[in-house]
Amino acid sequence: MKLSELAKKIGAELCLSGEDIDIKGISGIETAQEGEITFISNPKYLKKVEETHASAVIVGEGVCIQKEISLLVAKNPYLAFAKALEILKAKKPEYKKGIDKNAVVLSPVPESVSIGAFCYIDKNVKIGENVVFMPCVYVGEGAEIGEGTFIYPNVSIREGVKIGKNCIIHCGTVIGSDGYGYVTIDGRHTKIPQTGTVEIHDNVEIGANVTIDRATIEATVIGEGTKIDNLVQIAHNVKIGKHCLIVAQVGIAGSTKIGDFVTVAGQAGIAGHLNIGNRVVIGAQSGVIGNVPDGEVVSGFPARKHSLMMKVYAAMLELPEIIKKLKIKNEKWRKG
Amino acid sequence: MKLSELAKKIGAELCLSGEDIDIKGISGIETAQEGEITFISNPKYLKKVEETHASAVIVGEGVCIQKEISLLVAKNPYLAFAKALEILKAKKPEYKKGIDKNAVVLSPVPESVSIGAFCYIDKNVKIGENVVFMPCVYVGEGAEIGEGTFIYPNVSIREGVKIGKNCIIHCGTVIGSDGYGYVTIDGRHTKIPQTGTVEIHDNVEIGANVTIDRATIEATVIGEGTKIDNLVQIAHNVKIGKHCLIVAQVGIAGSTKIGDFVTVAGQAGIAGHLNIGNRVVIGAQSGVIGNVPDGEVVSGFPARKHSLMMKVYAAMLELPEIIKKLKIKNEKWRKG
Amino acid sequence: MKLSELAKKIGAELCLSGEDIDIKGISGIETAQEGEITFISNPKYLKKVEETHASAVIVGEGVCIQKEISLLVAKNPYLAFAKALEILKAKKPEYKKGIDKNAVVLSPVPESVSIGAFCYIDKNVKIGENVVFMPCVYVGEGAEIGEGTFIYPNVSIREGVKIGKNCIIHCGTVIGSDGYGYVTIDGRHTKIPQTGTVEIHDNVEIGANVTIDRATIEATVIGEGTKIDNLVQIAHNVKIGKHCLIVAQVGIAGSTKIGDFVTVAGQAGIAGHLNIGNRVVIGAQSGVIGNVPDGEVVSGFPARKHSLMMKVYAAMLELPEIIKKLKIKNEKWRKG
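Quantities reported herein were computed from a predicted structural model and do not represent experimental measurements.

A. Region of the structure containing the overall build of chain A. The helix and strand tally for chain A stands at six helices and 37 strands. A globule of 336 residues ought to have a C-alpha radius of gyration of about 20 Å, yet chain A, at 25 Å, is considerably larger. If you line up chain A on its principal axes, its C-alpha atoms span 80 × 75 × 35 Å. Split into buried and exposed, the 336 residues of chain A put 60% on the buried side. Taken as a whole, chain A presents about 13,400 Å² of accessible surface, with 49% of it coming from carbon and sulfur. A gap of 9 Å separates the mean positions of the 39 positive and 37 negative side-chain charges of chain A.

Structure (structure tokens):
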């Protein structure tokens, strides 16, 4: 593909330096070779452009480059880069349409669907067009998988779970495991049957080894376009809105409601039965123990406004000096 | 089933308002329809009873409801609700007794046992009556699985692991992986063979994608009736007592002993070689680095008495004011 | 095996008390029986030697024991113990060379390799001598597995991933899942294709239910001899050096570089795009948000020098007294 053609396809303006060459590939700025294209989104890496061996670079508007190198100038260079990757390099793992002879499938399957070896698809499962089950996937009775959804190996989808269209579910993830609910009497725990389900709406991506529990009654819900990273725990009856980002190792306890466009950064925890508003941002490793109104940015343990917590954590470093000034004997530590 | 019959079965007293109707189902208070029963355990939701479409509601003793609605009054409404769910709605995923023709089973199996497709059961495994292996379960040589235990898909049970009666193990969980033990010489790590095993006692439930490591020698032990949530890490040689609750994403480091009736809330971590007493409660996200005596409630990092830590975390928010009052230049932050 | 022979094999000097007996086994100091050998590495457990039933004990140099018991004196008693375990007790799970008839294998396989039931090995996979795939392993197209590597059940290795020699990968682990990368426009998240791979170098051990994401372009790298515990998350484009220890439930965000001989203790989190030097130690549950120079020990949230943070966390317990002394009304807490 010529540079000029690629520029058109990714919505970038081409500023040629030299010939309109054939693009051989796309690589990082440090490893790109002649004939390849590369990319910078952050102006602080501009210096690296001077040293790259790439023949062209995707940059944002208004960027000034000293070097003689072809530029593909994009309004959103990160998006242009994503598109270029899609065109030049992206490749889903291979699969064949039809049912592998080593799969057990007890439900009707459209011809456009691919079911890999060692998949087990139980009875009464509704499968949309062009769904892909990579090998070793389990789907329980009565589940529904919307068209175009792609399911990686070793995923477990329990009975009755509903998954929308064009979702991606990565290896090892479990959807619809029993919620963690017990009645405790005299210290003994009696299981509360978890009779609800999980509903995953369209265009949701779920990382590897994630766990999403089914509701006690009704449904645990993941809203449209929400993206969940690896090793996240979502408890029973949680409702997550649309277009949220839930980063790796986050845990969300039972019955909490999260609005739309919310970001929860890595390893944060959110207690149960809370309301988290729209467009909220929750910092990494935060512990949220109260409701959070729309638009707020919170962090720390327990989580409070990020602007306050930044000052608190900065001031915390002065504590040894504070107790010295106040002549406080610091002995609680020793007492355990 | 008539309301009166259900009331008897769940141990509740029936206060009829209108007819003794046939109960069609059980739902949440906001979604229940006419003919259905619902439930409130917390008096603060009493107002919702006024608006529900349900025909009957399970409540605690001494609750006063204005609305004309049939009441099922129970000493423990949560337990009554659990029983009603069990009767009206609970349903284990379907399975057939016998060995699926797509399973590989190298051990003797009682007739009452169910082994799903793509299960691999190695040699010398002892399997009790009525055990269920859902599809895609691996069980290593010499493992033991007690009667009535139910194992969900994609579980891995390594060689020699012992699991008691009436346990439930959810999808993706790994029991008996090697403990994390090395001898480090000149910075290089030599593996210490992990030659012990794991013992899970009766009535234990283990969530999805949990990891429980085998001991170096002897056994990692999970006591009777203990319930473990998703994505929990239990290291080698840990001993957990009876009837504990270990909530999601908790990590317990090697050789720590935990008593009976202990609660460890979500994302908490407990360091290795510690003794945690009976009836201890450890708050969410705590970091426990010392022994905890019987009955204590601890929280925070490093974990101390919860009553102290509540005050500490409240006071922490005043730190910016404290350094202002004391005229301390807060520059450590910048220095990194 | 005679005690004298064992002593020679584990590199220990034998101080006989009584006969040069045949060693029947190896056990913990509290459970060892007559005829068995046991071990102490920490002098604080010396008292337990007085009470053990074992016939011999592995100890460090210069240790003084009152009891009449045979001693195996080693420079590094922990290493001697590991060797004794290897000789007397260690046993890998059994496997047969060759391809199980219930496996699907689309690549050439050396005769020395073992592939268990329900494994799926896609096309163009390069497999070294003596590799073992336990049952239910998925390996995607074009992956490479070096000689002597041992892969436990239910592992997923995605297409193109490279794994070195003599690695061990425990159950449920996912290598090469898509990195978590999106371009967000008007709150909607467009997936950035994750077209890179993962490279695991020689002698790496990876625990159970770990997730290691493939790079956006180029490779996520785990250096030689590094040991990773259970439930660890390693994001796209992370580079980890040689001989590191990454303890359970650690999360490392995208593009961060970690040097050689680094220890990251349990549940710690490291933000993205950081440089962590050689021989760094990061405390349990730390939150690292800045670069860390060679040799530094850091802890806490946000992570700073451990020596400072020890004082800070000790002083934190005095906060209630501090605000009392300064007559600060502590009302921020209530305001949320």
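Having put the structure on the table, let's press on.
B. Layout of the relation of the copies chain C and chain A. Once chain C has been moved 0.0 Å along the axis and rotated by 120 degrees, it coincides with chain A to within an RMSD of 0.0 Å. Both chain copies can therefore be described as sitting about a three-fold axis.

C. Main features of the sheet that holds strand E9 (residues 120-121) of chain C. All names here are of chain C. With parallel pairing, the ten strands of this open sheet are ordered in space as E7-E9-E12-E15-E18-E23-E26-E29-E32-E35. With partners counted over all chains shown, the strands left at the sheet margins are strand E7 (104-105) and strand E35 (287-288), one partner each. Where strand E23 (residues 211-213) meets strand E26 (residues 233-234), two bridges bridge the pair, whose relative direction is parallel. Counted as the bridge partner of Thr-211 is Gln-233 from E26.

D. Highlighting the interface of chain A and chain B. On the side of chain B, 69 residues touch chain A, which itself brings 74 residues to the contact. Carbon and sulfur atoms make up 65% of the area that chain A and chain B hide from each other, which totals about 5,700 Å². Broken down residue by residue, the surface that chain A buries against chain B is led by Tyr-180, His-189 and Phe-301 of chain A, which jointly contribute 12%. Remark: the boundary between chain A and chain B carries two salt bridges. Lys-191 of chain A is the salt-bridge partner of Glu-205 of chain B, the closest N and O atoms lying 2.7 Å from each other. Applying the counting criterion to the chain A and chain B interface returns 23 residue pairs in polar contact (both at pLDDT 80 or more). Every element with two or more residues in the side of chain A that touches chain B is listed here: strand E18 (174-177), strand E19 (182-185), strand E20 (188-191), strand E23 (211-213), helix H4 (306-316), helix H5 (319-325) and helix H6 (332-335) of chain A. Element by element, the count of residues in the side of chain A that touches chain B is highest for H4 of chain A, at nine residues. In terms of residue class, the side of chain A that touches chain B is made up of 36 nonpolar, 22 polar and 16 charged.

E. Representation of a negative patch on the surface in the model. Residue and element names in this part refer to chain C. Judged by side-chain charge, Glu-111, Glu-129, Glu-147, Asp-202 and Glu-224 come together as a negatively charged surface patch. One can find Glu-147 in the loop between strand E13 (144-145) and strand E14 (150-151). A relative accessible area of 41% places Glu-147 in the partly exposed class.

F. The arrangement of empty space enclosed by the protein in detail. Applying the stated rule across the entire model yields six cavities of 30 Å³ or more. Lining the largest cavity are 25 residues, with Gln-267 and Gln-285 of chain A, Gln-267 and Gln-285 of chain B together with Gln-285 of chain C positioned closest to its centre. Counted by class, the lining of the largest cavity contains 13 nonpolar, twelve polar and no charged residues. Each pocket or cavity is described by its volume, and for the second largest cavity that value is around 70 Å³. Taken together, Asn-154, Gly-172 and Asn-209 of chain A, Asn-154, Ser-156, Gly-172, Thr-173, Val-174 and Asn-209 of chain B together with Asn-154, Gly-172 and Asn-209 of chain C make up the full set of residues lining the second largest cavity.

G. Inspection of the pairing of strand E3 (residues 36-39) of chain A at higher detail. All names here are of chain A. The alternating pattern of E3 places Glu-36 and Thr-38 and Ile-37 and Phe-39 on opposite faces, both of which are buried. In terms of strand pairing, strand E2 (residues 25-26) meets E3 through two bridges, oriented parallel. If you follow Gly-25 over to E3, its bridge partner there is Glu-36. Sheet topology places E3 next to strand E4 (residues 56-60); three bridges connect them, and they run parallel.

H. Representation of the sheet that holds strand E3 (residues 36-39) of chain C in the model. Taken in spatial order, the five strands make up an open sheet running E1-E5-E4-E3-E2 (chain C), and their pairing is mixed. At either end of the open sheet lies a strand with only one pairing partner, and these are strand E1 (13-15) and strand E2 (25-26) of chain C.

I. Representation of the interface of chain C and chain A. In this assembly, 73 residues from chain C lie in contact with 67 residues from chain A. Buried area between chain C and chain A, summed over both chains or domains, comes out near 5,700 Å², and the portion from carbon and sulfur atoms is 65%. Contact with chain A buries area across many residues of chain C, yet Tyr-180, His-189 and Phe-301 of chain C alone supply 12% of it, more than any other trio. At the surface where chain C touches chain A, the tally comes to two salt bridges. Counting the contacts that link chain C with chain A gives 23 residue pairs in polar contact (both at pLDDT 80 or more). At the level of elements, strand E18 (174-177), strand E19 (182-185), strand E20 (188-191), E23, helix H4 (306-316), helix H5 (319-325) and helix H6 (332-335) of chain C are the ones that each hand at least two residues to the side of chain C that touches chain A. Class assignment of the residues belonging to the side of chain C that touches chain A gives a composition of 36 nonpolar, 21 polar and 16 charged.

J. Structural context of the domain arrangement of chain A. For chain A, the assigned domains read domain 1 (3-88) and domain 2 (98-310). For domain 1 of chain A versus domain 2 of chain A, the distance between C-alpha centres works out to 37 Å.

K. Geometry of the packing of aromatic side chains. Under the criterion given, the structure shown has 27 aromatic pairs over all chains. For the ring pair Phe-39 of chain C and Tyr-78 of chain C, a centre distance of 5.7 Å and an interplane angle of 15 degrees mean the geometry is stacked. Placement of the pair is Phe-39 of chain C in strand E3 and Tyr-78 of chain C in helix H3 (residues 77-88), with a sequence separation of 39 residues. On the basis of relative accessibility, which here comes to 34%, the residue Tyr-78 of chain C falls in the partly exposed class. With a centroid separation of 5.8 Å and 75 degrees between ring planes, the pair formed by Tyr-95 of chain C and Phe-150 of chain C is classed as edge-to-face. Placement of Tyr-95 of chain C in the loop between H3 and strand E6 (98-99) and of Phe-150 of chain C in strand E14 is noted, with a sequence separation of 55 residues between them. Look at Tyr-95 of chain C and you get partly exposed, because its relative accessible area is 39%. Within the aromatic cluster, the residues linked to one another by ring pairs are Phe-39, Tyr-78 and Phe-81 of chain A. Looking at Arg-279 of chain C, its charged tip hangs above the ring of Phe-261 of chain C, at a distance of 4.3 Å from the centre.

Rules behind the numbers
Residues numbered from 1 in each chain as written. Chains lettered and ligands numbered in written order. Predicted model: local features only at pLDDT ≥ 70, side-chain atom pairs only at ≥ 80, totals over all residues. Heavy atoms only, no water. Helix = DSSP H or I, 4+ residues; strand = E, 2+ residues; numbered from the N terminus. Rg over C-alpha atoms; globule rule 2.2 N^0.38 Å. Buried < 20%, exposed > 50% of the residue type's maximum accessible area, 1.4 Å probe, protein only. Areas by Shrake-Rupley, 256 points an atom, 1.4 Å probe, with all protein chains shown as cover. Lys, Arg positive; Asp, Glu negative; His and termini not counted. Charge placed at Lys NZ, Arg CZ, Asp CG, Glu CD. Least-squares fit on C-alpha atoms with pLDDT ≥ 70 in both. Pairing = 2+ DSSP bridges. Contact = heavy atoms within 4.5 Å. Buried area = accessible area lost by both parts, 1.4 Å probe. Salt bridge = Lys/Arg side-chain N within 4 Å of Asp/Glu carboxyl O. Polar contact = N/O pair within 3.5 Å; in protein donor to acceptor, adjacent residues only side chain to side chain. Nonpolar A, V, L, I, M, F, W, Y, C, P; charged D, E, K, R; others polar. Patch = residues over 30% accessible without salt bridge, like charges linked within 9 Å, V, L, I, M, F, W, Y side chains within 5 Å. 1 Å grid on protein atoms, 1.4 Å probe; cavity = no way out; pocket = protein on both sides within 12 Å on 5 of 7 lines; lining within 4 Å. Points joined across faces, edges and corners; volume = space filled by probe spheres on them. Domains from an automatic or database assignment. Phe/Tyr/Trp six-rings, centres within 6.5 Å; stacked < 30°, edge-to-face > 60°. Lys NZ or Arg CZ within 6 Å of the ring centre and 35° of its normal.

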